[in-house]
Amino acid sequence: MNFEVNECVAKQSDLKIVVILLHLLQTYKFKFMKRLKYLLIFTFCFSLLGYSQYKLPPLPYAYNALEPYIDSTTMRIHHDLHHATYVTNLNKTLEKFPEFYKKDLLDLIKNVNQLPVEIQTAVRNNGGGVWNHSFFWTVMAPAGTANMSPNMEKLLKDNFGSVDAFKAEFEKAALNRFGSGWVWLIKDAKGKLSITSTANQDNTLMSVSPVKGTPVLALDVWEHAYYLKYQNKRAAYAKAFWSVVNWTEVERLVTK
Ligand code: MN
């Protein structure tokens, strides 16, 4: 469950292991080892090509793990098709500028207006889509597995007056977001929590966002996130969300 969003970017440590193995094989000149060496060199070169692009992180639980609050079909379509498409389109967008594949995803989308003008909108939409969904999966958990601790409850009380007041404000933000977007619980540099929302695939870490802060909880209010089960009843979806919030993860993010 402790999946880090940064895992979207390929790890280089695997490559180091291959290099060490190659060095070891160089020392032993056995014939079969030689064959293995060429195989490893091939794998190494191939992985260099593959490693350079952004990847779809796996869902940290089963498709049906959030039932009955978020249905299995929605989760499958949402992760395997919507999230995956943002990854594909981001990689396609960067084909002309492959140097950006090396960047940490967050660094890429934070200052999107410093990128070449022709890719700014596509990176904002698709890069944002990749990051936001990767984050969203981690702040949900099967019902009853990550309940709110007394400490988390106190944090919400301190910032919003009560847990109910916090939930009411969050649900209101979900309803008031016109069209597609996200609702966020964010913390500022002093640790103060607040609720805001962004349009489309923007988030509060982007310089283009009017409200900035570190996300500690998010709700996707695009229709694709709830329409199969809730149709036009976004309010019901927002209420059901409370049953699958990963409060353990939210508290970790608030207190880190
Ligand atoms: Mn979505």
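Residues numbered from 1 in each chain as written. Predicted model: local features only at pLDDT ≥ 70, side-chain atom pairs only at ≥ 80, totals over all residues.

Once that is clear, we can look at the overall build of the protein chain. The number of helices and strands found in the protein chain is 10 helices and 3 strands. When the elements of the protein chain are put in sequence order from the N terminus, they spell out α-α-α-α-α-α-α-β-β-β-α-α-α. In the protein chain, buried positions account for 29% of the 256 residues. Sequence separation of at least 24 residues holds for 68% of the intrachain contacts in the protein chain that already meet a minimum separation of 6. (Helix = DSSP H or I, 4+ residues; strand = E, 2+ residues; numbered from the N terminus. Buried ≥ 20, exposed ≤ 12 C-beta atoms within 10 Å, placed from the backbone. Contact = placed C-beta atoms within 7 Å.)

Moving on, we get to the sheet that holds strand E3 (residues 214-220). Pairing within the open sheet is antiparallel, and its 3 strands lie in the order E2-E1-E3. Each edge of the open sheet carries a strand with a single partner, namely strand E2 (193-199) and E3. Strand after strand, the sheet turns through a mean of 25 degrees between neighbouring axes, direction not considered. The sheet contact formed by strand E1 (residues 181-187) and E2 spans 7 bridges and is antiparallel. From the neighbouring strand, glycine 181 faces E2, where its bridge partner is alanine 199. (Pairing = 2+ DSSP bridges. Axes fitted to C-alpha atoms, helices over the stretch in contact; angles between N-to-C directions.)

Let us look at helix H9 (residues 234-241). Turning to H9, its buried residues are Tyr237, Ala238 and Phe241. Buried residues of H9, viewed axially, fall in a sector of 100 degrees; they line one side. Buried residues belonging to H9 abut helix H7 (163-176), E3 and helix H8 (227-230). (Arc of directions from axis to C-beta.)

Moving on, we get to the pairing of E3. Of all the 7 residues making up E3, 6 are buried; the element is thus mostly covered by neighbouring parts of the structure. The pairing of E1 with E3 spans 6 bridges and is antiparallel. The residue bridging tryptophan 182 from the neighbouring strand is aspartate 220, located in E3.

Moving on, we come to unusual backbone geometry. The omega torsion across glutamate 67 and proline 68 is -5 degrees, close enough to zero to call that bond cis. In this model, asparagine 200 sits at a positive phi of 50 degrees, which is unusual for a non-glycine residue. Considering the arrangement of structural elements, one finds asparagine 200 in the loop between E2 and E3. We classify asparagine 200 as partly exposed; it has 15 C-beta atoms within 10 Å. Although it is not a glycine, glutamine 231 adopts a positive phi angle of roughly 45 degrees. Among the secondary structure elements, glutamine 231 is positioned in the loop between H8 and H9. For glutamine 231, a count of 11 C-beta atoms within 10 Å puts it in the exposed group.

Two numbers describe a pair of packed helices, the interaxial angle and the distance between the axes. For the pair helix H6 (residues 150-160) and H7, the least separation of the axes is 8 Å and the interaxial angle reads 70 degrees. Between H6 and H7, the crossing angle belongs to the class labelled roughly perpendicular. Of the two elements, H6 crosses H7, and the hand of that crossing is left-handed. From H6, Glu153, Leu156, Lys157 and Phe160 reach across to H7, where they touch Val163, Ala165, Phe166 and Glu169. Counted by class, the contact of H6 with H7 contains 5 nonpolar, no polar and 3 charged residues. (Parallel < 35°, antiparallel > 145°, perpendicular 65-115°, else oblique. Left-handed = near helix turned anticlockwise from the far one by under 90°. Nonpolar A, V, L, I, M, F, W, Y, C, P; charged D, E, K, R; others polar.)

If you look at the biggest cluster of nonpolar residues, it comprises 47 residues, and the most contacted ones within it are Val183, Ala218, Leu219 and Val245. If sequence neighbours within four positions are ignored, alanine 218 has contacts with Asn132, Phe135, Phe136, Val139, Trp182, Val183 and Trp184. (Core = buried A, V, L, I, M, F, W, Y, C linked by C-beta atoms within 7 Å.)

Here we come to the confidence of the model for the protein chain. Across the protein chain, pLDDT averages 89, with 80% of residues at or above 70. Here residues 1-13 scores under 50 on pLDDT; set against residues more than four positions off or in separate chains, the count is 23 contacts. (pLDDT = per-residue confidence, 0-100.)

Turning to the packing of H6 against helix H10 (residues 247-255), a few remarks are in order. Between H6 and H10, whose axes approach to 10 Å, the crossing angle comes to 60 degrees. What the angle tells us is that H6 and H10 run oblique. Crossing hand, H6 versus H10: left-handed. Contact with H6, carried on its side by Asn151, Met152 and Leu155, involves Trp247, Val250, Glu251 and Val254 of H10 and no other residues of that element. For the contact of H6 with H10, the class distribution of residues is 5 nonpolar, 1 polar and 1 charged.

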